[in-house]
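Examining the three-dimensional arrangement
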Amino acid sequence: MSSRTSYALGAVALVVIAVIVVLVVRWNSDNSLSVRDDGYGPVHDPGVHALLDSDGAIVLGKIDAAKTIDLYEDPLCPACGTLEHLYGQEIAHKIDEGKLAVRYRLVNFLDSKSGSKDYSSRAVAASECVADYGDGPVYSKFHEVLFTTKQPSENGGDLGNDELSALAKEVGAPDEVTQCISKGQRVDSARNHAEAALTAMKAALGGKVQTPTVFDGTKEIDVNDEEWVVQVAG
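1. Some thoughts on the sheet that holds strand S5 (residues 213-216)
Strand order across the open sheet formed by six strands is S1-S2-S4-S3-S5-S6, with mixed pairing between neighbours. Edge positions in the open sheet fall to strand S1 (49-52) and strand S6 (219-221), since each of these has one partner strand only. For this sheet the average axis-to-axis angle between neighbouring strands, irrespective of direction, equals 25°. In this structure, strand S3 (residues 68-73) lies alongside strand S4 (residues 101-106), joined through six bridges in parallel fashion. Paired with Tyr72 across the strands is Arg105, a residue of S4. Lying over the sheet, helix H7 (residues 187-204) contacts S3, S4 and S5, oriented at roughly 105° with respect to S4.

This is the structure we're talking about:
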């Protein structure tokens, strides 16, 4: 083997090592954040209600909540799953305390990235079925698992309506809700709601599509700030 070939292979090896180091550093950086309020779980207080607005927004909170924020998410969005993993329990705690309510504006721009090509729309429909039942703790549990332990990966398989229905049953939803999901009763309206939410998000972000995005009124919240939930709840 010539010395020139040896040097070339050595250079390639150094590049590979450098790439690995960068990936490890990034992975450690992404996973260095701690779960906020770890161990609290989803909403506990039966005084918390879920409300499905006419425009498809799902409001989770107490009637007299001090502050309401808007949270745009796609059920297939990995970053949305990370947000729920890191801050979901802290948000639930603030909701239970009456300091915060969340208006979930679910979008479906990742439909094409799902195995079924319509997972986001169907997951939004399932969320609407659960929210329309009105039980805050049940919706909170459903939202938590939908975006964490049961969230599919992009460009992979996803959950069918029967699986989404079973998931709702596991968190305490009654038969009327599970049938709403399994029969796909809200898919068409949920798709319209999701597209309307997407249009509203683009308008608020100057044409960008970005999830998760949180608004306090018209102010976009920096969700990369670990203290954002505490700051917005006051």
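2. Observations regarding the packing of helix H3 (residues 119-133) against helix H4 (residues 136-147)
With their axes 9 Å apart at the nearest point, H3 and H4 run at an angle of 160° to one another. With respect to their mutual orientation, H3 and H4 come out roughly antiparallel. Considering only the axes of H3 and H4, their crossing is right-handed. Listed contacts from H4 to Tyr119, Ala123, Ala126, Ser127, Val130 and Ala131 of H3 are Val138, Tyr139, Phe142 and Leu146. Among the residues making up the contact of H3 with H4, the classes are represented as nine nonpolar, one polar and no charged.

3. Description of the pattern of salt bridges
Pairing between side chains becomes possible if they bear opposite charge and their charged atoms approach one another. Inspection of the entire model under this criterion finds 11 salt bridges. Its salt-bridge partner being Arg191, residue Asp188 comes within 3.5 Å of it at the nearest N-O pair. Here Asp188 and its partner Arg191 are both found in helix H7, three residues apart, which amounts to about one turn of the helix. Residue class for Asp188 comes out exposed when judged on its relative accessible area of 58%. Counted as one network, the salt bridges with shared partners bring together Arg36, Glu90 and Glu227.

4. Some words on the nonpolar core
Of all hydrophobic cores here, the largest spans 54 residues; its most connected members are Tyr139 and Trp228. Excluding residues that lie within four positions of it along the chain, Trp228 makes contacts with Ile69, Leu83, Tyr87, Ile91, Val214, Ile221, Asp222 and Val223. Listed in part, the seven residues of the second largest apolar core include Tyr72, Val107, Ala197 and Leu205.

5. Re the environment of Val35
Mapping Val35 onto the fold places it in the loop between helix H1 (3-30) and S1. It is 9.7 Å that separates the C-alpha atoms of Val35 and Leu83, two residues lying 48 residues apart in sequence.

Rules and cut-offs
- Sequence order as written defines residue numbering, which begins from 1 separately in each chain.
- A pLDDT threshold of at least 70 governs which residues receive local features in this predicted model, and a stricter bar of 80 or more applies before side-chain atom pairs are shown or counted, although totals over entire chains, interfaces and linings include all residues.
- Only hydrogens and water are set aside when side-chain values are computed; all heavy atoms of the structure are taken into account.
- Strands pair, by our definition, only if DSSP identifies at least two bridges between them.
- Secondary structure counts use DSSP, requiring at least four H or I residues in a row for a helix and at least two E residues in a row for a strand, with both numbered from the N terminus.
- Here an axis means a line fitted to C-alpha atoms, over the contact stretch when the element is a helix, while the angle between two N-to-C directions is reported on a 0 to 180 degree scale.
- By definition, residues are in contact when any of their heavy atoms lie within 4.5 Å.
- Here the angle decides the label: under 35 degrees means roughly parallel, over 145 means roughly antiparallel, 65 to 115 means roughly perpendicular, and every other value means oblique.
- A crossing counts as left-handed when the near helix is turned anticlockwise from the far one by less than a right angle, and as right-handed when that turn is clockwise.
- In this count, Pro and Cys sit with the nonpolar residues alongside Ala, Val, Leu, Ile, Met, Phe, Trp and Tyr, while Asp, Glu, Lys and Arg are called charged and the others, Gly among them, polar.
- One side-chain nitrogen of Lys or Arg within 4 Å of one carboxyl oxygen of Asp or Glu is enough to make a salt bridge.
- The cut-offs for exposure are 20% and 50% of the maximum accessible area for each residue type, with area from a 1.4 Å probe on protein chains only; residues under the lower value are buried, those over the upper are exposed, and the others partly exposed.
- To define a nonpolar core, start from buried Ala, Val, Leu, Ile, Met, Phe, Trp, Tyr and Cys residues and group those joined through side-chain atoms within 4.5 Å.

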